[in-house]
Amino acid sequence: MNGRLADDCFALPPGVDWTPVEVALARLREGLRPVTGIETVGLSEAAGRVLAEPVLARRDSPPAANAAVDGYAFAWEAAGAEADLPLAEGRAAAGHPWPGHLPAGEALRILTGAELPAGADTVVLEEDCRLADGRVRFPRPRKPGANRRPQGEDARHGEPVLAAGRRLRPQDLARAASVGADRLAVRQRLRVGILSTGDELLAPGTDPAQPGIFDANRPMLAALAAGWGAEVVDLGAAGDDAGAVRAALDGGAASADVLLTSGGASAGDEDHLSRLLGREGRRETWRIAVKPGRPLAMGLWQGRPVFCLPGNPVAAFVCTLIFARPALAVLAGADWPEPLAFTVPAAFAKRKKRGRREYLRARLDAAGHAEVFASEGSGRVGGLSWSEGLVELPDAGMDIAPGDPVRYLPYAGFGI
Ligand code: AMP
Ligand code: MG
């Protein structure tokens, strides 16, 4: 049962009815754990993967003190305030250390990145020097150690430089490489199954004259999951039929670690997904106080977590960003990601009801103020495409006037 979760991992404490967003997130955070195995990959394949073990420095970095500029190395103590030193024979360059011990009172030509020769502790910038007759003259830098990069200033041998749970970014690969790492222990990719449900759904390429709705959720959810480092398992679209939905869930449980479904999540006659999970799997329907959203059902099918997202593309998108994304991260072995948020002035006015959190499709105007899409209609996919982030309005009721501070969550902070 590798990667399958305990029955009550989504259960809310007894007595809790509608669920504030914060409570739902906290419950997810507590209930979930990584379900993916561990593999070893080379640095060139590690971008976007989740570290399973910390990366330890395999030596001091830099391994020896070196010059931060092109100039002349010398022993600070032995030079006067107006230094006038004879030049030693040769030079030190990156990859070509000077072999000797620099006598006190002499200077050596040195280039950026070259190891400081024994005996030298300071480098003077070449622009500050005058050369004549085999000697170099310069005003001595105020402190010893100027223009020197000390040994181990970036990392100490054995020190953890990257923690387990980090999703590796390009700069993290530089960090790992700089301390001598070669192969990294990472989590296997989380396999995310994506299923659409609804008799009205049309596959891409269907004659537009056909009645029905084009399936907008599946490509969107698949691209979100793939962008977060998952391996996407396309489970297709199932009609509003218990047998078809059951077969799709069975297939998903066999081929994926977690399922994202859309549609059929409420308690209506044709909401088979919700009913099946309730009867044959394990369902917790959280009436989350969020708009757009409606009930977000979560459950287990054969031990695999299932997120039943609303069918409306806008609600499916917002619920995926707010709830599924951090959940997928934890299942994938990564740290719980908090969305990036800025406080910016509103470019809109709105009267907001109390008792639920709201997410508005938004973007920043030229002045850096958040404007919101003209319609809050949950089916308006155009607004999703128009927007570059969400404005998050807190659970309390409020009247927002232009210029009031609001919380703006750029999509870039969600990695999209
Ligand atoms: P449901 O949650 O199944 O009641 O669906 C709510 C609304 O979302 C309905 O108008 C559906 O037609 C629409 N819908 C459901 N699934 C999709 C989908 N995959 N793509 C676009 N619209 C959808
Ligand atoms: Mg439906």
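Note that the coordinates shown come from a computational prediction; the quantities given were computed from them, not determined experimentally. (Residues numbered from 1 in each chain as written. Chains lettered and ligands numbered in written order. Predicted model: local features only at pLDDT ≥ 70, side-chain atom pairs only at ≥ 80, totals over all residues. Heavy atoms only, no water.)

**Quick look at the pattern of salt bridges**
Once the charged atoms of two side chains with opposite charge are near each other, the side chains can pair.
So, step 1. All chains considered together, the criterion is met by 22 salt bridges.
So, step 2. Here R169 makes a salt bridge to D172, at a shortest N to O gap of 3.0 Å.
So, step 3. A relative accessible area of 39% places R169 in the partly exposed class.
So, step 4. Here R191 ties to D257 by a salt bridge, and the two come within 2.8 Å at their closest N and O atoms. Taken together, the residues span a long stretch of sequence, with R191 in strand β14 (residues 191-197) and D257 in the loop between α4 (242-255) and β18 (258-262) at a distance of 66 residues. (Salt bridge = Lys/Arg side-chain N within 4 Å of Asp/Glu carboxyl O. Buried < 20%, exposed > 50% of the residue type's maximum accessible area, 1.4 Å probe, protein only. Helix = DSSP H or I, 4+ residues; strand = E, 2+ residues; numbered from the N terminus.)

**Concerning the domain arrangement of the chain**
So, step 1. Once the domains are mapped, the chain shows domain 1 (21-37 + 188-331), domain 2 (40-61 + 153-187), domain 3 (66-149) and domain 4 (342-414).
So, step 2. For domain 1 versus domain 4, the separation of C-alpha centres amounts to 25 Å.
So, step 3. Across the contact, 17 residues belong to domain 1 and 17 residues belong to domain 4.
So, step 4. Taking both sides of the interface into account, the surface hidden between domain 1 and domain 4 amounts to around 1,600 Å²; carbon and sulfur atoms contribute 65%.
So, step 5. Put simply, domain 1 and domain 4 have two salt bridges between them.
So, step 6. As a salt-bridge pair, K291 and E376 come within 3.0 Å of each other at their nearest N and O atoms.
So, step 7. Between domain 1 and domain 4 we count seven residue pairs in polar contact (both at pLDDT 80 or more) in total.
So, step 8. Listing elements by their share of the side of domain 1 that touches domain 4, those giving two or more residues are α1 (21-31), β20 (290-291) and α6 (313-331).
So, step 9. In terms of residue count, the dominant contributor to the side of domain 1 that touches domain 4 is α6 (eight residues).
So, step 10. Classifying every residue of the side of domain 1 that touches domain 4 gives 13 nonpolar, one polar and three charged. (Domains from an automatic or database assignment. Contact = heavy atoms within 4.5 Å. Buried area = accessible area lost by both parts, 1.4 Å probe. Polar contact = N/O pair within 3.5 Å; in protein donor to acceptor, adjacent residues only side chain to side chain. Nonpolar A, V, L, I, M, F, W, Y, C, P; charged D, E, K, R; others polar.)

**Some remarks on the site of ligand 1**
So, step 1. In the neighbourhood of ligand 1, 15 residues make up the surrounding shell, with E200, D215, A216, G264 and G311 lying closest.
So, step 2. Between a nitrogen atom of ligand 1 and a side-chain N or O atom of N217, the distance comes to 3.3 Å.
So, step 3. In this structure, an oxygen atom belonging to ligand 1 sits 3.1 Å away from a main-chain N or O atom of G311.
So, step 4. For the shell around ligand 1, the per-class residue count stands at five nonpolar, seven polar and three charged. (Near = heavy atom within 4 Å.)

**A short note on the packing of aromatic side chains**
So, step 1. Tallying each qualifying case throughout the model produces three aromatic pairs.
So, step 2. Seen in terms of ring centroids, F74 and F138 are 4.9 Å apart; in terms of plane orientation they differ by 55°. Their pairing is tilted. Of this pair, F74 sits in strand β5 (residues 71-74) while F138 sits in strand β10 (residues 135-139), placing them 64 residues apart in sequence. The residues F74 and F138 share a single accessibility class, namely buried.
So, step 3. Measuring from centroid to centroid gives 5.5 Å for F373 and W386, while their planes differ by 50°, and the two rings are tilted. You can see F373 sitting in the loop between β26 (370-372) and α7 (381-386) and its partner W386 sitting in helix α7, a full 13 residues away along the chain. (Phe/Tyr/Trp six-rings, centres within 6.5 Å; stacked < 30°, edge-to-face > 60°.)

**So, helix α2 (residues 170-178)**
So, step 1. Residues D172, L173 and A176 constitute the buried set of α2. Projected onto a plane normal to the axis of α2, the buried residues spread over an arc of 105° and lie on a single side.
So, step 2. Those residues of α2 that are buried are in contact with β3 (55-56), β12 (160-162) and β13 (183-187). (Arc of directions from axis to C-beta.)

**Things to note about the nonpolar core**
A general tendency of soluble globular proteins is for nonpolar side chains to be buried together.
So, step 1. Membership of the largest hydrophobic core comes to 48 residues, with the highest contact counts inside it found for L28, V192 and F323.
So, step 2. For this core, the secondary-structure elements that each account for two or more residues are α1, β14, α3 (217-227), β18, β19 (282-288), β21 (296-301), β22 (304-309) and α6.
So, step 3. Take this core: its biggest share by element is 13 residues, from α6.
So, step 4. Of the domains in this structure, domain 1 (21-37 + 188-331) and domain 4 (342-414) are the two that each give at least three residues to this core.
So, step 5. Residues within four places of V192 in sequence aside, it is in contact with A225, A230, E231, V232, V233, A256, V258, L260 and L328.
So, step 6. Within the second largest apolar cluster, 17 residues are counted, among which are A238, L273, A297 and W301. (Core = buried A, V, L, I, M, F, W, Y, C linked by side-chain atoms within 4.5 Å.)

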